[in-house]
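A closer look at the structure
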Amino acid sequence: MTISYRWLLDYLPGPEAGFAEPISPAELSKILTSIGLEVEALETVETVKGGLEGLIIGEVLSCTRHPNADKLSVTTVAHGGGEPWQIVCGAPNVAAGQKVVVAPVGATVHPLEGEPFLIKKAKIRGEESAGMICAEDEIGLGKSHAGIMVLPADAPVGMSARAYFKLPEADIAVHIGLTPNRSDANSHIGVARDVCAYLSHHKGGTYRPVMPKVEAVKSTGTPTSVAVEAAEACPRYTGLNISGIKVGPSPEWLQLKLQTIGVRSINNVVDITNYVLHEYGQPLHAFDADKLKGGIVVKHLPEGTVFTGLDDKERKLRAEDLMICDADGPVAIGGVFGGNHSGITEATTNVFLESAYFDPMSVRRTSMHHGLRTDAATHFEKGVDINNVLPALQRAAVMITEIAGGDVSSSIVDVYPQPLEDKMVRVSCDYVRGLAGKEYSNESVTNILLALGFEIREDNGGALLLKVPTNKADVSQPADIVEEVLRIDGLDNVVIPSRLNISLIGKKQDDRGMRERMAELLCGMGVQEIVTNSIVNSKYYPGNESLVKMINSLSSELDTMRPSMLESGLEVVQYNVNRKNQNLALFEFGNVYASADGKYVQEPCLAIWLTGETRPAQWQQKAQAADIYYIKGLIENLVGYCTIPGVAVAYTEQGGEIQWKRKGNVLCRAWRVGKERLNLFDIKQEVFYAEIDWHAWVEAAAAAKMRYTEIPKFPSVQRDLALVLDKAVTYEQVREVTAKLNIGELQSFGLFDVFESEKLGAGKKSYAMNYTFLLKDRTLTDGDTEQLMKKLTEAYKKQLNAQIRE
């Protein structure tokens, strides 16, 4: 959302409220960000680029032909002080006695097209030049480059060009990252309301927005008749007639305000509806009343009805599209787009002005379906204030009669069959303090809420019954009230309390702690965290019947909830690899989704992607490419860190899928991503992927019992063993045989080499194993160690048909 700084000042307290100086843009930016309206940028907006800064009015005293160039002239220019400047000029129309615009040395010129440039002292074909005599396109005042800009003879020499041309003061466009729940702040008055509440809380006064002039309609004439046949999609519809207007250009002040926020000026009537939209946050629509046949009917039309919009394009309507109709058919799509038949033109003299409340869901579906993302639609779909419908209509009527002439020629028609019920929320100041973690006084809480427009219906010692203002569609529960208080106090004032209210900590606290610890461990192992979109392209999953499809998808490429996190990460891999960032180790905590029998399932996951090199080449070592065993090592570290007991690993030596199981539940799966899947993303290098079932993992980790033992006093003993086995025997089988022996002295064991050779025999391989033995009460003797190794070798021979290599 974009607002105008100078426009906003119209609604903020001024000198009459004790503010000698208006709030500066920098201070305003700080306040807005503090109250949750994050300012993304402040952009200076001028009617002329550069504002003619540094340029002055001069007079050409003399003009002679350049001695070394036929098309150049050497001039002397008076500038209102000191010696005249010598300026070399290439314009064919330059002559003595002219009043001109001069850019002296040190000034920056902002041409209509191209980049600004600094004027420097120069020597042109041997003649010194101390400035530039300007053409209108060179300073942004026009498009002509036929010659220099010649001013009237009475132009005062030495006056700044900015003052001479009476340029309005530059405005500042404030770009706000408005979150979808803050429809109440989707206008200048809405932002001013929040700023005034902030000032009231922090400066100790009572400040309210300065509201624009709104007059009650005095006409008793008969308005255009209105019938609402689709009340569920249009709960309120108001309108009035204005006669005798003259359509033409808007006054400069109105055009400038709209220009600052990026709205193109069309004509005075349409500009006023746009102005009120951004002032109140209430969309309006003006119809040429003489083109309406009969009254207005708000209804749904049959499927396939053709409607021609203001852009002259024909669209086939859906049965659920809400239409504004007259006796001849549709004249507008309700809350979205006007029709070409009833639009305002230069010939319009009589207007029917509409202000209505349309259902947000209905507007969004229609807007998305037809691809019409208008300002009106984006406001309606976020939710507008139903009680602003009438004031906005009256405000626009006043402005139209003042600017376009004419008179209000009818009373107001207001179709509002079921007025909105008051929304009430009970909350206690103790609850606010507990959830906010800050000791607000009861008075501070109530003052903030009053400044935001809440009505306090009951106050029993801090136990409040509040009527929620109709502009706050997102406030419905006590926690929302706490958010409002926190915002106005300032989100940058939120501190971590030294003492937490334990009642606020739910079962997910351990889960959050586990996530943080796992994230820290992965980052420590060189894996970077990413955050991807849960909405993906359904083309990745052809034939998948359990997809959760989006009804109102943001685009054709984002139309389903991801059933796997693999593809989200592959998009990130593709983006980086295409930009030569080819060595990646990534992880993400996210959710996957599925549907079955009409029910939807959401499951949390931890996903890891690995591609490229895990170790770069150096003078003393070669580069190490990522492989399935590296990602296996990452998972083993996570298992060890979480001390999950009884985890069994199953995998194939050819680099297929590896599974970590506990009590029959799969905790994690890892595999090499197939070429067919990589081809979808045009990825040419290998990618390895692991996915952890987060629920199962946390449950398994909760079963772990931390035990502490003193550091051993006696030394450990290590032995190596080479086993010749059939190629079909896996390391997991060796591990199981070893573990089942339950040798207390065996502290650890592992595989450190695999050897294959025809010398071992057909279909044979050799595993090189390492064992570490330790006793807590004494040092192991050679005899003890030999007995332990004998026990191991006998088990391997008997259960795995192993041979011992000497």
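Starting from 1, residues in each chain are numbered consecutively following that chain's sequence as written. For a predicted model such as this one, the threshold for reporting local features is a pLDDT of at least 70, and the threshold for listing and counting side-chain atom pairs is 80 or more; totals across whole chains, interfaces and linings nevertheless cover every residue. With hydrogens and water excluded, all non-hydrogen atoms of the structure serve as input to the side-chain values.

Any two strands with at least two DSSP bridges between them are considered paired. Only runs of H or I of at least four residues qualify as helices and only runs of E of at least two qualify as strands under DSSP, and these elements are numbered from the N terminus. In space, the 4 strands of this open sheet follow the order E42-E43-E41-E44, with antiparallel pairing throughout. With partners counted over all chains shown, the strands left at the sheet margins are strand E42 (746–755) and strand E44 (803–805), one partner each. Strand after strand, the sheet turns through a mean of 35° between neighbouring axes, direction not considered. Two strands pair when backbone bridges link them, and strand E41 (residues 717–726) and E44 are joined in this way by 3 bridges, in the antiparallel orientation. Across the sheet, residue Ala722 finds its bridge partner in E44, namely Arg805. Between two residues, a contact is recorded if the distance between any of their heavy atoms is within 4.5 Å. Interaxial angles span 0 to 180 degrees and are taken between N-to-C directions of axes, which are lines fitted to C-alpha atoms, for helices over the stretch in contact. Sheet strands touched by helix H18 (residues 731–740): E41, E42 and strand E43 (764–773). Its angle to E42, the strand with the most contacts, is close to 155°. In the packing of helix H19 (residues 782–800) onto the sheet, contacts are made with E41, E43 and E44, and the angle to E41 comes to roughly 15°.

Working definition: rings of Phe, Tyr and Trp (its six-membered ring) pair if their centres are within 6.5 Å, and the pair is stacked with planes under 30 degrees apart, edge-to-face with planes over 60 apart, and tilted otherwise. Within the structure shown, the criterion is met by 15 aromatic pairs. Centroid distance Tyr540 to Tyr541: 6.2 Å. Interplanar angle 85°. Geometry classified as edge-to-face. Only protein chains enter the accessibility calculation, which uses a 1.4 Å probe. A residue is then buried if its area is under 20% of the maximum for its type, exposed if over 50%, and partly exposed in between. Since its relative accessible area comes to 7%, Tyr540 is described here as buried. An angle of 45° between the planes, with centres 5.6 Å apart, marks the rings of Trp609 and Tyr689 as tilted. You can see Trp609 sitting in strand E34 (residues 599–611) and its partner Tyr689 sitting in strand E40 (residues 687–693), a full 80 residues away along the chain. Taken together, the aromatic side chains of Trp7, Trp253 and Tyr275 make up a single cluster linked through ring pairs. Only lysine NZ and arginine CZ atoms are considered, and such an atom sits over a ring when it is within 6 Å of the ring centre and within 35 degrees of the ring normal. Between Arg579 and the ring centre of Tyr575, over which it is positioned, the NZ or CZ distance is 3.7 Å.

Right, let's get into the packing of helix H7 (residues 360–370) against helix H8 (residues 375–382). Look at H7 against H8: their axes get within 7 Å of each other, and the N-to-C directions meet at 140°. In terms of their interaxial angle, H7 and H8 are classed as oblique. Crossing angle aside, the handedness with which H7 passes H8 is left-handed. Seen from H7, the contacting residues are Pro360, Val363, Arg364 and Ser367; seen from H8, they are Ala377, Phe380 and Glu381. Here the term charged refers only to Asp, Glu, Lys and Arg, the term nonpolar to Ala, Val, Leu, Ile, Met, Phe, Trp, Tyr, Cys and Pro, and the term polar to all other amino acids, Gly among them. Along the lines of polarity and charge, the residues of the contact of H7 with H8 split into 4 nonpolar, 1 polar and 2 charged. For classification purposes, an angle smaller than 35 degrees is called roughly parallel, one larger than 145 roughly antiparallel, one from 65 to 115 roughly perpendicular, and anything else oblique. With the far helix as reference, a near helix turned anticlockwise by less than a right angle produces a left-handed crossing, and one turned clockwise produces a right-handed crossing.

Note: pLDDT gives the predictor's confidence per residue, expressed from 0 to 100. In the predicted model, the chain carries a mean pLDDT of 91, and 97% of its residues have values of at least 70. Scored below 50 in pLDDT, residues 498–509 makes 3 contacts in the model with residues more than four places away or belonging to other chains.

Three- or four-residue spacings in an α-helix give side chains the same orientation, since the helix completes a turn every 3.6 residues. Residues of helix H11 (residues 442–451) that are buried: Val445, Thr446, Ile448, Leu449 and Ala451. Count one or two residues on from H11 and you reach Gly453, which has phi positive near 100°.

Moving on to the sheet that holds strand E17 (residues 296–300). Reading across from one edge, E14-E17-E20-E21-E22 is the order of the 5 strands in this open sheet, with mixed pairing throughout. Because the sheet does not close on itself, it has two edges, and the strands there are strand E14 (226–228) and strand E22 (337–338). In terms of strand pairing, E14 meets E17 through 3 bridges, oriented parallel. Among the inter-strand pairings, Val228 is bridged to a residue of E17, identified as Val298.

Next up on the list: the side chain of His79. Structurally, His79 is set in the loop between strand E4 (73–78) and strand E5 (85–89). For His79, a relative accessible area of 13% translates into the label buried. At 2.8 Å, the side chain of His79 forms a polar contact with the backbone oxygen of Gly81. Any pair of nitrogen or oxygen atoms within 3.5 Å is treated as a polar contact; in protein, a donor-acceptor pairing is required on top of that, and neighbouring residues in sequence qualify only through side-chain atoms on both sides. Within the local environment of His79, its side chain forms a polar contact with the side chain of Trp85, the two groups lying 3.3 Å apart.

On to helix H15 (residues 628–642). Between its first and last C-alpha, H15 extends 21 Å over 15 residues, near the 21 Å set by a 1.5 Å rise per residue. All buried positions along H15 are accounted for by Ile628, Ile631, Lys632, Leu634, Ile635, Leu638, Val639 and Cys642. Taken down its axis, H15 places every buried residue within 155° of arc, on the same side. With a side-chain oxygen lying 3.1 Å from the backbone nitrogen of Tyr629, the N-terminal cap of H15 falls on Asp627. One less than the residue count of a helix, multiplied by 1.5 Å, gives the span that helix is expected to have. An arc is given here, and it is the one of the directions from the helix axis to the C-beta atoms.

What counts as a salt bridge is simple: a side-chain nitrogen of Lys or Arg found within 4 Å of a carboxyl oxygen of Asp or Glu. This structure, assessed with the given rule, holds 35 salt bridges. The partner of Lys291 in a salt bridge is Asp288, with the nearest N and O atoms 4.0 Å apart. With relative accessibility at 3%, the residue Asp288 sits in the buried group. Between Glu732 and Arg735 there is a salt bridge, with the nearest N and O atoms lying 3.0 Å from each other.

The element E43 is largely enclosed, with a buried count of 9 among its 10 residues. For E41 and E43, the ladder comprises 10 bridges, and the chain directions are antiparallel. Opposite Val724, over in E43, you have Ser766 as the bridge partner. The sheet contact formed by E42 and E43 spans 8 bridges and is antiparallel. Considered in E43, the bridge of Leu751 is made with Met769.

Right, let's get into the side chain of Asp194. Checked against the element boundaries, Asp194 lands in helix H4 (residues 188–203). Once residues within four sequence positions are removed from consideration, Asp194 is found in contact with Ile35, Leu37, Arg182, Asp184, Leu452, Arg487 and Ile488.

Moving on, we come to the state of the cysteines. Only a pair of cysteine sulfur atoms within 2.5 Å counts as a disulfide in this structure description. Counted according to the given criterion, the structure contains 0 disulfides. Unpaired in this structure, Cys134 has its nearest cysteine sulfur neighbour in Cys89, at a distance of 9.3 Å. Just so you know, Cys234 is unpaired, no disulfide at all, and the nearest cysteine sulfur is the one on Cys325, 12 Å from it. Its relative accessible area of 2% is what places Cys234 among the buried residues.

Attention now moves to the nonpolar core. Nonpolar side chains tend toward joint burial in soluble globular proteins. We call a set of buried residues a nonpolar core when its members are Ala, Val, Leu, Ile, Met, Phe, Trp, Tyr or Cys and they connect through side-chain atoms within 4.5 Å of each other. Counting residues in each nonpolar core, the largest one holds 74 residues, and the members touching the most others are Leu32 and Val276. The element best represented in this core is H4, accounting for 8 residues. Non-local contacts of Leu32, meaning those with residues more than four positions away in its chain, are made with Leu37, Glu38, Val39, Val174, Ile176, Val191 and Val195.

Here we take up unusual backbone geometry. Trans is the prevailing form of peptide bonds, just as negative phi is the prevailing case for residues other than glycine. With a phi angle near 65°, Asp312 is a residue other than glycine that sits in the positive phi range. A relative accessible area of 57% means that Asp312 is categorised as exposed. A positive phi is found at Lys663, a non-glycine position, where the angle reads about 55°. With respect to the helices and strands, Lys663 occurs in the loop between strand E38 (658–662) and strand E39 (665–672).

What follows is about the environment of Ser555. With respect to the secondary-structure elements, Ser555 resides in the loop between strand E31 (548–549) and strand E32 (560–561). Residues Ser555 and Asn537, spaced 18 residues apart in sequence, show a C-alpha to C-alpha distance of 9.3 Å.

Put simply, helix H10 (residues 429–436) and helix H12 (residues 478–489) touch, their axes get as near as 10 Å, and they point 70° apart. The orientation of H10 with respect to H12, classified from their angle, is roughly perpendicular. Here H10 and H12 pass one another in a crossing that is right-handed. Side by side, H10 and H12 meet where Tyr431, Val432, Leu435 and Ala436 of the first sit next to Pro478, Ala479, Val482, Val485 and Leu486 of the second.

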